[in-house]
Amino acid sequence: MQQPSEQTAREPRRHHLAVLGAGVMGASIATLAAGHGVPVTLIDVDDAKLAAAESRIAGEIRLAQLMGALPDDVVEATVTPGGRLADAAGATAVVEAVTEDADIKAKVLSEVSALVEPGTVLVSNTSSIPIDELASAACRPADVVGTHFMNPPYLIRTVEVIRGARTGERAMASIRSLLDALRRQPVVVRDAPGFVTSRVLHPMINDAARVVQEGTATVEDVDALMEGCLGHPTGPLRTADLIGIDNLVDSLRVLHERTGDPGCLPCDLLLEKARAGDTGRKSGRGFYVYQGETS
Amino acid sequence: MTVSPQSTIQQELVDFLHSRTKKVWEEDTDLFASGGLSSLFAMEIVVHLEKTYDVSVRGKDLRLDNFRTVTSMATLVRRLQGAGDAGE
């Protein structure tokens, strides 16, 4: 017999993750968990979305394997689709990844908190809404914690974790244990609109779009400068396409409403693209065109 | 299964990459080195190879090193098509 592997100590199968919302982030969080041996129930009221997520996850698991991002010694877990919030009942942790809208997120957290065992950690994967604001909707605010997974979460190891004013020790221990099973590296920050990453990145992307809008430079040249001179890994506008321009507009509005920073008011070019449905990689067109590429 | 000649696969791959990226790639250039192609595009190449050459890339073969260059991809395709050690 071999020595117990590191993974045995992690015991991924003692976790069971319920993911709420089968959009881009919900599906790829499910990929991350299943690929690390953590069973997932993926819940969405929209059957078509669930069906699309199934094939999306299969493709993402392969992409993660291709990139060497999944452990070799772990058997992949299954992702079970569910059509009702009640399907989250047996989970050891719930991650909500529904639309970036405070009212929708609060409603989902409120309902799910009444269905799970008290003490089950409720994780909001928001990119900018303050966690304490969302925690008020839950039956037990102490169970609510924030994570901000970057897209794609199965390729990016660092995860921003947001501890709200009322987040309890037990919820912090649960999220740490889950992220350890998923081999992610948490960085815990205090609660605020946009936390760290969105508060810094989203106004910067807004400015990058504004520079294009004002005719100072092309999309390609803005990204080339930010990559070549400043070491940004993908360029702000290519990053906007990855985030989803609609999500970015939502996030900037959240930031603007809560900070009053005029730099957070989404610029016309972003608004135009969101209105036209040119939301980025997921729609095949944003600042760039993604002809036939796997989204 | 019929094994395609290495040179044919390589030429087809060079053409495919050119049509998709609008750039010319040498057969031994690392496609994913700095300034090269994205991981998402790598996955697209995998799917393209599977469809075009009727092969299935699984398990340990599904790793980026097999797809770094046109030559390494053609070698992988031929192996999956069942090419013997004797070559063509």
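As the structure is a computational prediction, the values presented were derived from the model and not from experiment. (Residues numbered from 1 in each chain as written. Chains lettered and ligands numbered in written order. Predicted model: local features only at pLDDT ≥ 70, side-chain atom pairs only at ≥ 80, totals over all residues.)

**Here's the deal with the overall build of chain A**
Selection rule: Every helix listed is a DSSP run of H or I at least four residues long, and every strand listed is a run of E at least two residues long, numbered separately from the N terminus. Restricting the calculation to C-alpha atoms gives the radius of gyration, and the globule rule supplies 2.2 Å times the number of residues raised to the power 0.38. Note on burial: count the other C-beta atoms lying within 10 Å of the residue's C-beta; 20 or more is buried, 12 or fewer is exposed, in between is partly exposed, and C-beta positions come from the backbone.
Broken down by element type, chain A carries 11 helices and eight strands. Radius of gyration (C-alpha) of chain A: 19 Å, near the 19 Å computed for a compact globule of 295 residues. Buried positions account for 50% of the 295 residues belonging to chain A.

**Re the overall build of chain B**
Quick reminder of the rule: A residue pair is marked as a contact if its C-beta atoms, positioned from the backbone, fall within 7 Å.
Helix and strand counts for chain B stand at three helices and zero strands. Against the 2.2 N^0.38 benchmark of 12 Å for 88 residues, chain B shows a C-alpha radius of gyration of 12 Å, consistent with a compact globule. Its C-alpha atoms give chain B principal-axis dimensions of about 35 × 25 × 20 Å. Partitioning the intrachain contacts of chain B with sequence separation of at least 6 by distance along the chain shows that 63% fall at a separation of at least 24.

**So, the interface of chain A and chain B**
How we decide: Under the scheme applied here, ten amino acids are nonpolar (Ala, Val, Leu, Ile, Met, Phe, Trp, Tyr, Cys and Pro), four are charged (Asp, Glu, Lys and Arg), and all others, including Gly, are polar.
On the side of chain B, 10 residues touch chain A, which itself brings 10 residues to the contact. In terms of residue class, the side of chain A that touches chain B is built from four nonpolar, four polar and two charged.

**Notes on the nonpolar core**
All names here are of chain A. What counts is decided by this rule: Linking buried Ala, Val, Leu, Ile, Met, Phe, Trp, Tyr and Cys residues through C-beta atoms within 7 Å yields a set, and such a set is a nonpolar core.
Judged by nonpolar contacts, the single largest core of 101 residues is most densely connected at Val 19, Leu 20, Ala 30, Val 40 and Val 94. Considering each element in turn, this core owes the most residues, eight residues, to helix H2 (residues 24–35). In this structure, Val 94 is in contact with Ala 18, Leu 20, Ala 88, Val 112, Val 116, Thr 120, Leu 122 and Val 123, ignoring residues within four places of it in sequence.

**A short note on the packing of helix H10 (residues 245–259) of chain A against helix H11 (residues 268–276) of chain A**
Any two packed helices are characterised by how steeply their axes cross, that is the angle between the axes, and by the distance between the axes. All names here are of chain A. Worth spelling out the cut-off: Helix axes are fitted only over the stretch in contact, all axes being lines through C-alpha atoms; the angle between N-to-C directions runs from 0 to 180 degrees. Any angle that falls under 35 degrees is termed roughly parallel, while one over 145 is termed roughly antiparallel, one within 65 to 115 roughly perpendicular, and all others oblique. Definitions for this section: a left-handed crossing has its near helix turned counterclockwise from the far helix by less than a right angle. A right-handed crossing has that turn clockwise.
Contact geometry for H10 and H11: axes closest at 9 Å, N-to-C directions at 130°. In terms of their interaxial angle, H10 and H11 are classed as oblique. Of the two elements, H10 crosses H11, and the hand of that crossing is left-handed. Touching Ile 245, Asp 246, Leu 248 and Val 249 of H10 are Leu 270, Leu 271, Lys 273 and Ala 274, all from H11. The class makeup of the residues in the contact of H10 with H11 is six nonpolar, no polar and two charged.

**Description of the domain arrangement of chain A**
Residue and element names in this part refer to chain A. For clarity, the threshold we go by: What marks off one domain from the next here is an automatic or database domain assignment.
What the domain assignment lists for chain A is domain 1 (6–190) and domain 2 (198–283). With centres defined by C-alpha atoms, the gap from domain 1 to domain 2 works out at 26 Å. Counting from both sides, the interface comprises seven residues of domain 1 and, opposite them, 10 residues of domain 2. Residue composition of the side of domain 1 that touches domain 2, by class: two nonpolar, three polar and two charged.

**Focus: the sheet that holds strand S6 (residues 144–148) of chain A**
Residue and element names in this part refer to chain A. Where we set the bar: Pairing between strands requires that DSSP locate at least two bridges from one strand to the other.
Here eight strands make up an open sheet; going across it, the order is S3-S2-S1-S4-S5-S6-S7-S8 and the pairing mixed. The open sheet has two edge strands with one neighbour each: strand S3 (79–82) and strand S8 (185–190). Within this sheet the neighbouring strands show an average axis-to-axis angle of 25°, counted without direction. As defined by bridge partners, S6 adjoins strand S7 (residues 158–163) across three bridges and the pair is classed as antiparallel. Paired with Gly 146 across the two strands is Ile 162, which belongs to S7. Each of strand S1 (17–20), strand S2 (40–43), S3 and strand S4 (93–96) is contacted by H2, which is oriented at about 170° to S2, the strand it contacts most.

**As for the packing of helix H7 (residues 197–213) of chain A against helix H9 (residues 236–243) of chain A**
Residue and element names in this part refer to chain A. For the pair H7 and H9, the least separation of the axes is 9 Å and the interaxial angle reads 115°. Of the two elements, H7 crosses H9, and the hand of that crossing is left-handed. Counted together, Met 204, Ile 205, Ala 208 and Ala 209 of H7 and Pro 236, Leu 237, Thr 239 and Ala 240 of H9 form the full contact between these two elements. Classifying every residue of the contact of H7 with H9 gives seven nonpolar, one polar and no charged.

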